[in-house]
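# Structural characterization, general
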Amino acid sequence: MPLYDAPKFRIMGDRSLLVELGDEISSAINQSVQELFAGIDSNPSKGILDLVPSYRSLLVIYDPLCISLDEIKAGIIDIWKNPDQCRLPQPQTVKIPVVYGGERGPDLQQVALYHDLTPQEVIGFHTRPIYRVYMIGFTPGYPYLGEVMDAIATPRHETPRTLVPKGSVGIAQKQTGIYSVDSPGGWQIIGWTPVKLFDPDGQPPSHLVMGDRVQFYAITEQEAAQWLN
Amino acid sequence: MAELKIMEILSPGILTSIQDLGRYGYGRYGVAPSGALDPFSLRIANLLVGNRPDQAGLETMLLGPAIRVLADIVVAVTGGNLQPLLNKQPIEMWRSHNLKKDDILSFGSMASGLRAYVAVAGGIRITPVMGSRSTNLPSGFGGFQGRALEKNDILTSANPCRQLQTQTRVFNEAWIPHYPNRWSLRILWGPQDDHFPDESRASFLNAAYKMSSDSDRTGIRLEGAIIRKKPDIQASIISEGVITGSVQIPGDGKPIIILGETVTGGYRKIATVISADLPLLGQIKPGDTVGFSAVSLDEARRALTAVEEKVHSSIHKPRLCR
């Protein structure tokens, strides 16, 4: 059962409520999360402090002395029953240039070997789909994109690297993502983008937002240098 | 805008950063709240110097900083007892003090708790980022240049309050927290408590965990009883939002209490620390014993109301600096 008949509520302490809309990674469930998120966000009740949408759930963080759990649940049910309230804008497709392989993509060779492909074929498969941004999380501006073609889906490293440079483009099974700040990480790093994913002073601070579509294209190191200028 | 230099960092201590009550509303962009890990103590420190309770102050831990005072200012030190000193003489915590230019505020060794807070009347001048002055240390933004304070940093104030308009303010002594070495944290079960068998939940409540020294501002790591999930379910869950106080159980079965620097995660959460006990998370120190007791949503609400009453009724008619 991909999409639940009704939101499933799980409390996360006395000041947040997890609203689950399904139990798998699918674009239909994620779209419903996005609609529910947009519905609450367009007219937030007093006392709602933050909303964290993810693959198949929405976390509602609230001040329990300003709004009750029952009021929050009632508001969510109301939006769920009247989905017209939350029509989403047409998604934008964002093109992301990537320098594949070399020092910028230290795992490209390994991913190719894992699947008995050439690095060029891996690049071909990675740049083919138009991915959906399922969520932004882990670090500020980090997009979780899906779905990676089975031909190049590769498990994470067993031991994460202690430092993955920002801009690194990685694969973890059927997900692909971009490290938005320097951080530890276990994804297979196949390339690097000069695009700035997170700017604390930006409006919005994240280059990509949930629901955006993303397509990667290959560029050379020289083109990346020009891109930065 | 006129601004006045108020503090020069002579030595930063182990980790001293600017924090307020956190950055909310940006979870959709993957931005965690950061903020004071003991928000109760920061709020009281602010109220003691006549500030609004949500102003930014200094959070320090273990071994505090040494600070040269560059102008006549009013400060209060609250939280864990890191033995604050004024010109090498001990000064009381949980009350305001008038400091003079060239005074030195420093700290001795840690006597109880882990983190202390310093509030300055009129506030510290910091440009807000996404609505907050908190430092996001893992991602390097907000606060003072996105980093912990370092030697020679100069802090300024836009409107320092040189003298309180009332007499020295003192926090109600009966309400000053005492930070033990053994902690009992109240939890609500969930959101994934049903992924754990009854015996795992029982051992979670019966355990006397020790806080590990690998802990940091992202989480309190606990050593002790291993918590096993039900055998027939997957190793991890689909990533979802988390909050401060989420008790996650990674693959090795050792609980981690999430603190303010994490926004999403793919580990199961057996329980969540109640809001009333969140300030305690900032004061548990490595080696301390930590246990858990389960409460109801009603009990959690009553406990939070009791904490809020202490904050609101302790300081009589706070007069703000203007």
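Residues numbered from 1 in each chain as written. Chains lettered and ligands numbered in written order. Predicted model: local features only at pLDDT ≥ 70, side-chain atom pairs only at ≥ 80, totals over all residues.

## Points about the pairing of strand 12 (residues 182-189) of chain B
Consecutive side chains along a regular strand alternate between the two faces of the sheet. Residue and element names in this part refer to chain B. Here strand 12 pairs with strand 20 (residues 289-294) via 6 bridges, running parallel. What sits directly across from I187, in strand 20, is A294. Note: strand 12 against strand 19 (residues 268-273), 3 bridges, orientation antiparallel. Paired with W189 across the two strands is A271, which belongs to strand 19. (Pairing = 2+ DSSP bridges. Helix = DSSP H or I, 4+ residues; strand = E, 2+ residues; numbered from the N terminus.)

## Focus on the sheet that holds strand 4 (residues 57-62) of chain A
All names here are of chain A. Pairing within the open sheet is antiparallel, and its 4 strands lie in the order 1-2-4-3. The sheet is open, and its two borders are formed by strand 1 (3-11) and strand 3 (48-53), each paired with just one other strand. The mean inter-strand angle of the sheet, taken between neighbouring strand axes irrespective of direction, is 15°. Pairing of strand 1 with strand 2 (residues 16-22), which is carried by 5 bridges, proceeds in the antiparallel orientation. Pairing of L3 across the sheet is with G22, part of strand 2. Those strands touched by helix 2 (residues 69-81) are strand 1, strand 2 and strand 4, and its axis lies near 165° from that of strand 1. (Axes fitted to C-alpha atoms, helices over the stretch in contact; angles between N-to-C directions. Contact = placed C-beta atoms within 7 Å.)

## Comments concerning the interface of chain A and chain B
At the interface, 37 residues of chain A touch 35 residues of chain B. Where the side of chain A that touches chain B is concerned, the elements lending two or more residues are strand 1, strand 2, strand 3, strand 4 and strand 6 (131-136) of chain A. With 5 residues, strand 3 of chain A is the largest single contributor of residues to the side of chain A that touches chain B. The class makeup of the residues in the side of chain A that touches chain B is 23 nonpolar, 8 polar and 6 charged. (Nonpolar A, V, L, I, M, F, W, Y, C, P; charged D, E, K, R; others polar.)

## Thoughts on the domain arrangement of chain B
Residue and element names in this part refer to chain B. In terms of domain boundaries, chain B breaks down into domain 1 (4-176) and domain 2 (182-309). The partner domain 2 presents 15 residues to the 20 residues of domain 1 that form the contact. For the side of domain 1 that touches domain 2, the secondary structure elements donating two or more residues are helix 1 (39-48) and strand 10 (112-120). (Domains from an automatic or database assignment.)

## Details of the sheet that holds strand 4 (residues 66-69) of chain B
Residue and element names in this part refer to chain B. One open sheet accounts for 6 strands, arranged 7-6-9-4-1-11; its pairing is antiparallel. Both edges of this open sheet fall to strand 7 (89-90) and strand 11 (154-157), since each of them pairs with a single strand only. Here strand 6 (residues 84-86) runs beside strand 7; their pairing, made up of 2 bridges, is antiparallel. When the sheet's bridge partners are listed, L86 is paired in strand 7 with Q89.

## What about helix 1 of chain B?
All names here are of chain B. Across the 10 residues of helix 1, 10 count as buried, placing the element largely inside the fold. Among the residues of helix 1, those classed as buried are P39, F40, S41, L42, R43, I44, A45, N46, L47 and L48. Looking one or two residues past helix 1, G50 carries a phi angle of roughly 85°, positive in sign. (Buried ≥ 20, exposed ≤ 12 C-beta atoms within 10 Å, placed from the backbone.)

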